[in-house]
Amino acid sequence: MGDMLIRGINPELKRRLEESARLNRRSLSEEAVVLIQKGFATQRAGLEKTGDRLCSLIGDNSFTDDEIQEIARSRSEADRGPPDFRRPE
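Report on the accompanying structure. (Residues numbered from 1 in each chain as written. Predicted model: local features only at pLDDT ≥ 70, side-chain atom pairs only at ≥ 80, totals over all residues. Heavy atoms only, no water.)

## Some thoughts on the pattern of salt bridges
Okay, so step 1: Evaluation of the coordinates by the stated rule reveals 6 salt bridges.
Okay, so step 2: Its salt-bridge partner being arginine 15, residue glutamate 12 comes within 2.8 Å of it at the nearest N-O pair. You can see glutamate 12 and its partner arginine 15 sitting in helix α1 (residues 11-23), 3 residues apart, about one turn around the helix.
Okay, so step 3: Residue arginine 15 is classed as partly exposed on the basis of its relative accessible area, which comes to 43%.
Okay, so step 4: Linking arginine 86 and aspartate 84 is a salt bridge whose minimum nitrogen-to-oxygen distance equals 2.9 Å.
Okay, so step 5: A relative accessible area of 67% means that arginine 86 is categorised as exposed. (Salt bridge = Lys/Arg side-chain N within 4 Å of Asp/Glu carboxyl O. Helix = DSSP H or I, 4+ residues; strand = E, 2+ residues; numbered from the N terminus. Buried < 20%, exposed > 50% of the residue type's maximum accessible area, 1.4 Å probe, protein only.)

Set out below in structure tokens:
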């Protein structure tokens, strides 16, 4: 693995990183790596369409042709209301 030196860190940012590392029982370096990875994952997720993200997770071969056609048909249907989880009186 490579190393990286980050200069010019704002004291408040460093304090927050130290606190986060302490709470998560990680070193500063480990915490920084985790937060950088989460930042990139969040950034990538924001750029991807949800369907594309799901396909990347489950693969294109998971749906039959009939299932794909049903999904396409359902896209033109009116939205349903939210379910009612209240107990009957």
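## Details of unusual backbone geometry
Okay, so step 1: A positive phi angle, near 55 degrees, is found at arginine 25, a position not held by glycine.
Okay, so step 2: Tracing the sequence through the fold places arginine 25 in the loop between α1 and α2 (28-47).
Okay, so step 3: On the basis of relative accessible area, arginine 25 is assigned to the exposed category, the value being 80%.

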